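Chain by chain, the residues run as shown.
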Amino acid sequence: MRPVVADYIETLSPYVPGKPIEETEREYGITGAIKLASNENPLGPSPLAIEAIERAARSVHLYPDGTSYHLVRRLAEHMGVVPGEVFVGNGSNEIIELLIRTFTTPDDEAVICQGSFLMYKVALQSHGRRFVEVPMRSGYRYDLPAMAAAVKPRTRLVFLANPDNPTGTAFGKAELEAFLSTVPPEAVIVLDEAYFEYVDWADYPSGLDYFRRWPNLVVLRTYSKIYGLAGVRLGYGVMSAERCGYLNRTRMPFNLSFLAQAAGIAALDDVEHVRTTRETTHRGLRYLERELARLGAQVPKSYANFAFTDLGRSAGPVYEQLLRLGVITRPMNGYGFPNALRISVGPGSQNERLVAALGEVLG
Ligand SMILES: *Cc1c(COP(=O)(O)O)cnc(C)c1O
């Protein structure tokens, strides 16, 4: 008899998200738990986006605009590109799936970085696509020359996260330019910039400066992080109009809800929310880096809104004990880092509570 699913589905490990607050409180019989596990915005959603969602709620009996006309135009204006170069998706995760579906066949291969964002792997495997995982170099950094060397004639897709999740490290302009110049144009290079708004580094390469010179470059961004709209599901990509056109053929007709479109337009105007989020995050990150080092952990410099925390010992028991104290972090064993936790920057008081709890557990 034929198996129910293909082998690549049978062996697929599902993506494990951060543990929800409610579930943690129920399981451990506690209240007042805090979650520093999913890189969410500690200040909550953009207030302008909340207002827009409330207004839009009155029209949800209607199907949304299937082309997201106004949102695409507003994003294009915001980034200084033309609307035909902007693709919007139900979170950037949807776009990752669509890129695989649209630009690869079962004979093609992808190249990814070992220990980087797990969704690339999950999405590739769920489509039955083969992939090569290239190890990081020291300091938890992408090894771009090794990744370029792993690109073969059958490679059609490469995923790069900059800054990386979960390590928070980033690569600079010269590294990216050398990579783009080496990889043949048949391979689509996906540059995932989910955290670019947090980066405070003059050498950080914005994909927008490169996608016209290298038309095989696709830049991904999201509203889930700095805009605090992870629950709305809204991401976008910038790429050649030709590639956008293909994605528009393969996507579902109403991939963005009416509420998401309204929120996305309004959030771009919320300069104040973005500014305070950046400031709060940078302050929290510097505090965490200092305090985690004091507790003996190793934290590579983070360009994002979380601290990759190498405890130098098995992190599983530490994660469990933190849960008992009502502090939810993210264990990294699924990424191949059994000694590490990823700790998202929270509001000031929550960072202090994390440090106190971790001190108690390690002490
Ligand atoms: C959070 C994150 C995303 C965002 O995904 P959405 O589907 O837009 O919520 C994408 N890529 C990376 C590397 C991330 O960390």
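Quantities reported herein were computed from a predicted structural model and do not represent experimental measurements.

**Focus: the pairing of strand E3 (residues 109-113)**
- Taken across its 5 residues, E3 has 5 buried, putting it largely inside the fold.
- With 5 bridges joining them, E3 and strand E4 (residues 130-134) adopt parallel strand pairing. When the sheet's bridge partners are listed, Ile-112 is paired in E4 with Glu-133.

**Looking at empty space enclosed by the protein**
- Overall, the coordinates contain 1 cavity of 30 Å³ or more when judged by the stated rule.
- Quantified by volume, the largest cavity comes out at close to 40 Å³.
- Lining the largest cavity we find Arg-137, Arg-141, Tyr-142, Ala-161, Asn-162, Asp-164, Thr-169, Ala-170, Phe-171 and Glu-175.
- A class-by-class count of the residues in the lining of the largest cavity yields 4 nonpolar, 2 polar and 4 charged.

**With respect to the sheet that holds strand E5 (residues 155-161)**
- With respect to topology, 7 strands assemble into an open sheet ordered E2-E8-E7-E6-E5-E3-E4, the strand pairing being mixed. This sheet does not close on itself; its edge strands, each paired only once, are strand E2 (86-89) and E4. Averaged over all pairs of adjacent strands, the angle between their axes in this sheet comes to 20°, without regard to strand direction.

**With respect to the site of the ligand**
- The full set of residues close to the ligand is Gly-91, Ser-92, Asn-93, Phe-117, Asn-165, Asp-192, Ala-194, Tyr-195, Thr-222, Ser-224, Lys-225 and Arg-233.
- Between the ligand and Asn-93, the relevant distance is 2.8 Å, taken from an oxygen atom to a side-chain nitrogen or oxygen of the residue.
- Between the ligand and Arg-233, the relevant distance is 2.7 Å, taken from an oxygen atom to a side-chain nitrogen or oxygen of the residue.
- In isolation the ligand offers 390 Å² of accessible surface; the protein chains occlude 94% of this area.
- When atoms are counted within 2 Å of each cavity's grid points, the one that captures over half of the ligand is the largest pocket.

**Brief notes about unusual backbone geometry**
- The omega torsion across Asn-162 and Pro-163 is -5°, close enough to zero to call that bond cis.
- Position of Pro-163 relative to the elements: it lies in the loop between E5 and helix H8 (173-182).
- Put simply, Asn-165 and Pro-166 share a cis peptide bond, and its omega is 15°.
- Mapped onto the fold, Pro-166 is located in the loop between E5 and H8.
- Phi is positive for Asn-39, which is not a glycine, with a value near 55°.
- Tracing the sequence through the fold places Asn-39 in the loop between strand E1 (34-35) and helix H3 (47-56).
- On the basis of relative accessible area, Asn-39 is assigned to the buried category, the value being 1%.

**Brief notes about the packing of H3 against helix H10 (residues 258-267)**
- Running from N to C, H3 and H10 point in directions that differ by 145°, and their axes come no closer than 8 Å. Crossing angle aside, the handedness with which H3 passes H10 is right-handed. Of the residues in H10, those in contact with Leu-48, Ala-49, Ala-52, Ile-53 and Ala-56 of H3 are Phe-258, Leu-259, Ala-262, Ala-263, Ala-266 and Ala-267.
- When its residues are assigned to classes, the contact of H3 with H10 shows 11 nonpolar, no polar and no charged.

**What about the nonpolar core?**
- Ranked by internal contacts, the top residues of the largest apolar core, which has 82 residues, are Met-147, Leu-160 and Tyr-223.
- In terms of residue count, helix H5 (residues 92-103) provides more of this core than any other element does, 6 residues in total.
- Shared between two domains, this core holds at least three residues of each, these being domain 1 (8-45 + 271-362) and domain 2 (47-267).
- By size, the runner-up hydrophobic cluster in this structure holds 25 residues, among which are Leu-36, Tyr-287, Leu-323 and Ile-328.

Cut-offs and rules
- Residues numbered from 1 in each chain as written.
- Predicted model: local features only at pLDDT ≥ 70, side-chain atom pairs only at ≥ 80, totals over all residues.
- Heavy atoms only, no water.
- Buried < 20%, exposed > 50% of the residue type's maximum accessible area, 1.4 Å probe, protein only.
- Helix = DSSP H or I, 4+ residues; strand = E, 2+ residues; numbered from the N terminus.
- Pairing = 2+ DSSP bridges.
- 1 Å grid on protein atoms, 1.4 Å probe; cavity = no way out; pocket = protein on both sides within 12 Å on 5 of 7 lines; lining within 4 Å.
- Points joined across faces, edges and corners; volume = space filled by probe spheres on them.
- Nonpolar A, V, L, I, M, F, W, Y, C, P; charged D, E, K, R; others polar.
- Axes fitted to C-alpha atoms, helices over the stretch in contact; angles between N-to-C directions.
- Near = heavy atom within 4 Å.
- Polar contact = N/O pair within 3.5 Å; in protein donor to acceptor, adjacent residues only side chain to side chain.
- Areas by Shrake-Rupley, 256 points an atom, 1.4 Å probe, with all protein chains shown as cover.
- Sits in = over half its atoms within 2 Å of the grid points.
- Left-handed = near helix turned anticlockwise from the far one by under 90°.
- Contact = heavy atoms within 4.5 Å.
- Core = buried A, V, L, I, M, F, W, Y, C linked by side-chain atoms within 4.5 Å.
- Domains from an automatic or database assignment.

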